[in-house]
Amino acid sequence: MDWVTAFDNKAAAYLPDVELLREEPMAKHTSFRTGGPARRMAFPRSGEQLVLLLSLAENCGARPFVMGGGTNLLAPDQGLDRLVIITSGLSRLEMGAESGTLLAESGVSLARLADFACKQGLTGLEFAHGIPGTVGGGVCMNAGAYGGEMKQVVSGVSALFPEEGVRVLTGEELAFGYRRSFLTEHPEAVVLSAVFRLSPGNPESIRETQRSLMARRKASQPLEWPSAGSTFKRPEGHFAGTLIDQCGLKGLRVGGAQVSEKHAGFVINRGGAASADVRELIRQVQARVFEKTGVRLEPEVKFVD
């Protein structure tokens with residue numbers, strides 16, 4: 001029996017209140033606006049529902065894929081024969097148990113998190129205000145910008161490990177590095193929530209910093225086009241965008257995908273791009289930059305299959 005039939009039956013019996021979509025285009029849920037249909041897509045509204053969905057998937061032989069805002073993903077054009085679980089419903093955000101801390105579930109957007117911190121007079125998350133994506137992905141990838149990163153503010157994470165259950169990891173145990181963490185080394189783990197330790201600050205000053213950083217983003221990044229943000233990780237001793245620009249690749253196109261003429265570190269969807277266009281453009285940029293500079297560019301974008 002096909003896994004979807006077994007899963008549909010179990011979901012109807014055990015999770016009747018969870019929204020479940022059939023053959024839902026990934027293009028609707030990724031910032032690149034590309035990707036074919038997922039066989040099933042579920043939207044849990046609590047950690048308990050998410051855990052049960054993962055258990056049902058395992059019992060039915062499904063391959064689950066948990067995602068947040070889809071802002072750093074490239075999904076295949078042919079679609080995914082998987083159960084895609086969207087965490088946007090895990091949206092609890094509140095003051096933490098200790099003074100100066102915030103508790104956020106994995107589906108909370110980084111923009112909302114930074115805004116909440118500002119309203120509470122807590123500083124430290126200004127850098128996250130303009131970063132697309134959610135707490136779950138941001139913690140896993142140690143998201144950062146303008147001198148700030150998750151490593152500086154995350155004090156602990158609650159994550160589900162399929163073989164072990166829920167574990168609470170300290171900031172030290174998360175072993176944050178550049179666009180990586182302990183969790184990127186364990187892709188089977190699913191972030192449920194995170195605690196952020198911040199410092200007291202003036203809300204107006206915090207807001208002004210956020211406005212300033214957003215103005216810098218708008219001036220230098222192609223925010224008007226679908227993309228996954230910075231396409232490549234920063235190679236040691238270099239900046240990816242500078243290398244790509246120096247190689248004369250600004251404006252290079254494959255189908256509807258283009259190296260941004262505004263910021264060469266961004267691959268954008270100029271309209272009608274397929275995921276295959278994006279992947280091929282990334283490959284061409286990597287090849288040209290290596291040929292001319294000897295530097296290997298590593299994608300920051302995650303390819304889903």
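Remember, predicted model here, so these are calculated numbers, not experimental data. (Residues numbered from 1 in each chain as written. Predicted model: local features only at pLDDT ≥ 70, side-chain atom pairs only at ≥ 80, totals over all residues. Heavy atoms only, no water.)

(A) A look at the packing of aromatic side chains. Inspection of the entire model under this criterion finds two aromatic pairs. Its end group placed over the ring of Phe 303, Arg 279 keeps NZ or CZ at 4.2 Å from the ring centre. Note that Arg 296 overlies the ring of Phe 290, its terminal NZ or CZ placed 4.0 Å from the centroid. (Phe/Tyr/Trp six-rings, centres within 6.5 Å; stacked < 30°, edge-to-face > 60°. Lys NZ or Arg CZ within 6 Å of the ring centre and 35° of its normal.)

(B) Examining helix α3 (residues 110-119) more closely. Every buried residue of α3 is accounted for by Leu 110, Leu 113, Ala 114, Phe 116, Ala 117 and Cys 118. Looking one or two places after α3, you find Gly 121, whose phi comes out positive at around 70°. (Buried < 20%, exposed > 50% of the residue type's maximum accessible area, 1.4 Å probe, protein only. Helix = DSSP H or I, 4+ residues; strand = E, 2+ residues; numbered from the N terminus.)

(C) View of helix α1 (residues 3-14). Taking 1.5 Å of rise per residue, the twelve residues of α1 would be expected to cover 16 Å, and the 16 Å separating its terminal C-alpha atoms lies within 8% of that figure. Listed in full, the buried residues belonging to α1 are Trp 3, Val 4, Ala 6, Phe 7, Asp 8 and Ala 11. (Expected span 1.5 Å × (residues − 1).)

(D) How the structure looks around the sheet that holds strand β17 (residues 267-269). Pairing is antiparallel in the open sheet, where three strands are placed in the order β15-β16-β17. In this open sheet, the two edge strands, each paired with only one partner strand, are β15 (253-254) and β17. Both strand β16 (residues 257-259) and β17 contribute to a ladder of three bridges, which runs antiparallel. If you follow Val 259 over to β17, its bridge partner there is Val 267. Contacts between helix α7 (residues 275-293) and the sheet are confined to β15, β16 and β17, with β16 contributing the most and set at about 30° to the helix. (Pairing = 2+ DSSP bridges. Contact = heavy atoms within 4.5 Å. Axes fitted to C-alpha atoms, helices over the stretch in contact; angles between N-to-C directions.)

(E) Representation of the pairing of strand β13 (residues 190-197). Judged by how many residues are buried, β13 sits mostly within the fold: six of eight residues are covered. With five bridges joining them, strand β7 (residues 101-105) and β13 adopt antiparallel strand pairing. Bridge pairing links Leu 103 to Val 195 in β13. Two strands pair when backbone bridges link them, and strand β11 (residues 154-161) and β13 are joined in this way by six bridges, in the antiparallel orientation. If you follow Val 154 over to β13, its bridge partner there is Phe 196.

(F) Looking closely at the sheet that holds strand β2 (residues 37-43). Across the sheet, which stays open at both edges, the four strands sit in the order β1-β2-β5-β3 with mixed pairing between neighbours. Taken across any chain shown, the strands that pair with only one partner, and hence form the sheet edges, are β1 (19-25) and β3 (64-67). For this sheet the average axis-to-axis angle between neighbouring strands, irrespective of direction, equals 30°. Here six bridges tie β1 to β2, and the two strands are oriented antiparallel to one another. Each residue of the ladder has a partner; that of Glu 24, found in β2, is Ala 38. Where helix α2 (residues 47-60) meets the sheet, it contacts β2, β3 and β5 (80-86), and its direction lies at approximately 165° from that of β5.

(G) Up close: the side chain of Arg 82. The residue Arg 82 is located in strand β5 in this model. Although Arg 82 is buried, it forms no salt bridge, and the closest oppositely charged side chain is Asp 305 at an N-O distance of 4.4 Å. Polar side-chain contacts of Arg 82 include one of 2.8 Å to the backbone oxygen of Pro 64. A distance of 2.8 Å separates a polar atom in the side chain of Arg 82 from the backbone oxygen of Asp 305. (Lys, Arg positive; Asp, Glu negative; His and termini not counted. Salt bridge = Lys/Arg side-chain N within 4 Å of Asp/Glu carboxyl O. Polar contact = N/O pair within 3.5 Å; in protein donor to acceptor, adjacent residues only side chain to side chain.)

(H) Up close: the pattern of salt bridges. Going through the model one piece at a time under the given rule, you end up with 16 salt bridges. Here Glu 94 makes a salt bridge to Arg 92, at a shortest N to O gap of 2.9 Å. Taking relative accessible area as the criterion, Arg 92 reaches 40% and is therefore assigned partly exposed. Between Glu 208 and Arg 211 there is a salt bridge, and its shortest N-O distance comes to 3.3 Å. Residue Glu 208 and its partner Arg 211 are located together in helix α5 (residues 203-220), separated by three residues, close to a single helical turn. A residue is classified by how much of its surface remains accessible, and Arg 211, at 46% relative accessible area, is partly exposed. Here the residues in one salt-bridge network are Asp 2, Glu 23, Arg 39 and Asp 81, joined through shared partners.

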